[in-house]
Amino acid sequence: MTIWSGAVFPNSCPSRGRMATRRLLVTGGAGFIGANFVHYWAGRHDADRIVVLDLLTYAGNRTSLAALESDPRFRFMQGDIVDTELVRALLDEENIDTIVHFAAESHVDRSIHGPADFVRTNLMGTAALLEACRLTWPAQSDSHHFHHVSTDEVYGTLGPDDPAFREDKQYEPNSPYAASKAGSDHLVRAYHHTYGLRVTTSNCSNNYGPYQFPEKLIPLMIVNLLTGKPLPIYGDGLNVRDWLHVEDHCVGIEAVIERGRVDQTYNVGGGNEWTNLDLVHGLCDLLDEQFTARPDLATRFPDAPPAAGKSCRDQIEFVTDRPGHDRRYAIDGEKMASELDFRPRIGFTTGLRSTVDWYLDNEAWWRAVLDGSYRDWVAKQYEG
Ligand code: NAD
Ligand code: TYD
């Protein structure tokens, strides 16, 4: 049952009511969070149409959506969000009423090496999408909705005793990634104030879970352990992140889309702060335990330290710090809790365990990412 109704919040989204069917355009749906969101939404909203628009950059992996490829409710289109005409045609042809915008360049380290791609996709791409909506959807329409997925990194960094990020925290982005996302948030806001587009934004903390590209901390560490590589910890390892399971993030986004107020920003966090070092220690201990409990793992992963009787912690190496490395992120989830009755449900031990199990059980997925063959799958499957 919906707790918040349009009668309580006249601006709540959408005016149609909770049970109405939707026609979604999910940008970046072949990426980590996008793919999880598409599976989540398809499993809970039987009657909805889901169209994914994804450029399939290095981070886009169509195999993550393989289970939906033959579903008549689902369509995948490879394309660039920067291409306003392409987006307009898709909005028209598919009669899209809801956009959930994930597409982005998302890795801070890559943004330090090459900021231009981040400005192009995150800023110009979001601008192009918004423009496609303005030019295609009826002006001031109550039945169209643009949800923008953003990050807590727009708020900058926290000291150890600072209060967690609230929605009214001043923006202080420190990396090119965070700055490009901050710019995109401002554009979304401006399209509401100037053109009356119904928008919502969620800024969330670090996600983890299935289908995450092994360049981000948790999957990188798991995959490095299984393949016998070192575990690179930046600086002193005492930077703090607030970890949120991706499924909880999907539930949070659903809550904002269904019950959030127009033109509002919602911070979605895990309430789960860890230093990188403690987190990696925890992952190491989990893997050690799994190798003890499951003798088959030593045969499948002979390069992993426990296969040679060593502890995974022995693989930790402290490496040069990331330039401008934000010290701490933490989300204050009070607005999500009080307005939308959302609280993360997946505890960190359970979430980490299931994530480790997912990487153990889906070796083909990450091996294909490591050797690049995930990019050939589309050609093999669809071209001829
Ligand atoms: P990701 O890098 O795994 O996926 C991004 C997807 O966008 C890929 O499938 C890629 O092919 C696609 N894409 C990139 N450029 C495109 C373009 N020009 N046109 C169309 N598609 C394009 O990212 P993610 O981790 O799934 O993050 C999704 C969103 O969530 C991003 O907007 C990110 O800023 C935000 N976010 C992520 C996290 C996190 O921990 N991963 C935390 C907070 C916010
Ligand atoms: P990351 O997963 O890249 O997310 P973000 O930079 O968006 O928070 O990194 C999470 C934390 O882990 C961050 O403090 C940087 C650190 N880190 C390492 O120490 N070693 C690594 O190899 C990576 C990828 C990250």
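Note that the structure is predicted; figures quoted are calculated from it, not measured.

> Hey, could you run me through the site of ligand 1 in this one?
Near ligand 1, the surroundings consist of 29 residues, among which Ile 33, Asp 54, Ser 106, Tyr 177 and Lys 181 are the closest. Between ligand 1 and Asp 54 there is a distance of 2.5 Å, counted from an oxygen atom to a side-chain nitrogen or oxygen. Lys 181 has a polar side-chain atom sitting 2.6 Å from an oxygen atom of ligand 1. Here ligand 1 loses 97% of its free accessible area of 830 Å² to cover by the protein chains. Secondary-structure elements contributing two or more residues to the shell around ligand 1 are helix 1 (32–44), strand 5 (145–151) and helix 5 (176–195). Across the shell around ligand 1, the residue classes break down as 13 nonpolar, 12 polar and four charged.

> Which parts of the structure should I look at to understand the layout of surface pockets?
Once rolled over the atoms, a probe with the size of a water molecule shows which space is left empty. In this model, the second largest pocket occupies a volume close to 320 Å³. What lines the second largest pocket is a set of 14 residues, among which Glu 167, Tyr 171, Arg 189, Asp 263 and Thr 265 lie closest to the centre. Residue assignment for the lining of the second largest pocket shows that the elements contributing at least two residues are helix 5, strand 6 (199–204) and strand 11 (264–268). For the lining of the second largest pocket, the leading source of residues is helix 5, giving four residues.

> What exactly am I supposed to notice about the site of ligand 2 here?
Taken together, 17 residues surround ligand 2, and among them Glu 153, Pro 232, Arg 241, Arg 322 and His 325 come closest. One nitrogen or oxygen atom from the side chain of Asn 206 is found 2.9 Å from an oxygen atom belonging to ligand 2. Between an oxygen atom of ligand 2 and a side-chain N or O atom of Arg 241, the distance comes to 2.8 Å. Protein chains bury 96% of the 510 Å² of accessible surface belonging to ligand 2 in isolation. Of all the elements in the fold, those that place two or more residues in the shell around ligand 2 are helix 6 (217–226) and strand 8 (231–234). Broken down by element, the residue count for the shell around ligand 2 peaks at three residues, all from strand 8. Split into classes, the residues belonging to the shell around ligand 2 amount to seven nonpolar, five polar and five charged.

> Please clarify how the sheet that holds strand 4 (residues 98–101) should be interpreted in this entry.
Picture the strands of a sheet paired through backbone hydrogen bonds; they go either parallel or antiparallel. Taken in spatial order, the seven strands of this open sheet run 3-2-1-4-5-6-11, and their pairing is parallel. Only two strands of the sheet have a single neighbouring strand rather than two, namely strand 3 (74–78) and strand 11. Ignoring which end each strand starts from, the neighbouring axes of this sheet average 20 degrees apart. Examined bridge by bridge, strand 2 (residues 49–54) and strand 3 share five bridges and lie parallel to one another. Within strand 3, the residue paired with Leu 53 across the bridge is Met 77. Its contacts with the sheet place helix 5 against strand 5 and strand 6, and it is angled at close to 155 degrees to strand 5.

> Quick question: what am I supposed to make of the packing of aromatic side chains here?
Working definition: an aromatic ring pair is given by the centre-to-centre distance plus the angle between the planes. According to the stated counting rule, one finds 17 aromatic pairs in the structure shown. Here the aromatic rings of Trp 358 and Tyr 359 are separated by 4.9 Å at their centres, their planes lie at 80 degrees, and the arrangement is edge-to-face. A connected cluster of aromatic rings, assembled from ring pairs, spans Tyr 155, Phe 165, Tyr 171 and Tyr 329. The ring of Tyr 58 carries Arg 110 above its face, with NZ or CZ at 3.5 Å from the centroid.

> Teacher, can you tell me more about the packing of helix 1 against helix 7 (residues 246–259) here?
Packed helices, taken two at a time, are described by the angle their axes make and the gap between the axes. At a minimum axis separation of 9 Å, helix 1 and helix 7 run at an interaxial angle of 65 degrees. The handedness of the crossing between helix 1 and helix 7 is right-handed. For the pair formed by helix 1 and helix 7, the contact residues are Phe 32, Ile 33, Asn 36, Phe 37, Tyr 40, Trp 41 and Arg 44 on the first element and Val 246, His 249, Cys 250, Val 251, Ile 253, Glu 254 and Ile 257 on the second. Here the contact of helix 1 with helix 7 is composed, by residue class, of 10 nonpolar, two polar and two charged.

> Help me understand the nonpolar core in this model?
Proteins that are soluble and globular tend to have nonpolar side chains buried together. One finds Ile 218, Leu 226, Phe 301 and Leu 352 to be the most contacted residues of the largest nonpolar core, which totals 37 residues. When residues of this core are assigned to their parent elements, the largest contribution, eight residues, is made by helix 8 (residues 276–293). Once you skip the residues sitting within four places of it in the chain, Ile 218 turns out to touch Tyr 208, Trp 243, Leu 279, Leu 283, Leu 352 and Thr 355. In terms of nonpolar packing, the next biggest core, distinct from the first, is built from 35 residues, Ala 30, Ile 50, Leu 68 and Ile 253 among them.

> Teacher, can you tell me more about empty space enclosed by the protein here?
Counted according to the given criterion, the structure contains two cavities of 30 Å³ or more. Taken as a whole, the largest cavity holds about 60 Å³ of empty space. Together, Val 108, Glu 153, Ser 175, Ala 178, Arg 241, Arg 322, Pro 323, Gly 324, His 325, Asp 326 and Tyr 329 line the largest cavity. Approximately 30 Å³ is the volume found for the second largest cavity. For the second largest cavity, the full set of lining residues is Val 38, Ala 42, Ile 50, Leu 68, Asp 71, Arg 73 and Phe 74. Here the residues of the lining of the second largest cavity are counted per class, giving five nonpolar, no polar and two charged.

Reading the values: the criteria
- Residues numbered from 1 in each chain as written.
- Chains lettered and ligands numbered in written order.
- Predicted model: local features only at pLDDT ≥ 70, side-chain atom pairs only at ≥ 80, totals over all residues.
- Heavy atoms only, no water.
- Near = heavy atom within 4 Å.
- Polar contact = N/O pair within 3.5 Å; in protein donor to acceptor, adjacent residues only side chain to side chain.
- Areas by Shrake-Rupley, 256 points an atom, 1.4 Å probe, with all protein chains shown as cover.
- Helix = DSSP H or I, 4+ residues; strand = E, 2+ residues; numbered from the N terminus.
- Nonpolar A, V, L, I, M, F, W, Y, C, P; charged D, E, K, R; others polar.
- 1 Å grid on protein atoms, 1.4 Å probe; cavity = no way out; pocket = protein on both sides within 12 Å on 5 of 7 lines; lining within 4 Å.
- Points joined across faces, edges and corners; volume = space filled by probe spheres on them.
- Pairing = 2+ DSSP bridges.
- Axes fitted to C-alpha atoms, helices over the stretch in contact; angles between N-to-C directions.
- Contact = heavy atoms within 4.5 Å.
- Phe/Tyr/Trp six-rings, centres within 6.5 Å; stacked < 30°, edge-to-face > 60°.
- Lys NZ or Arg CZ within 6 Å of the ring centre and 35° of its normal.
- Left-handed = near helix turned anticlockwise from the far one by under 90°.
- Core = buried A, V, L, I, M, F, W, Y, C linked by side-chain atoms within 4.5 Å.
- Buried < 20%, exposed > 50% of the residue type's maximum accessible area, 1.4 Å probe, protein only.

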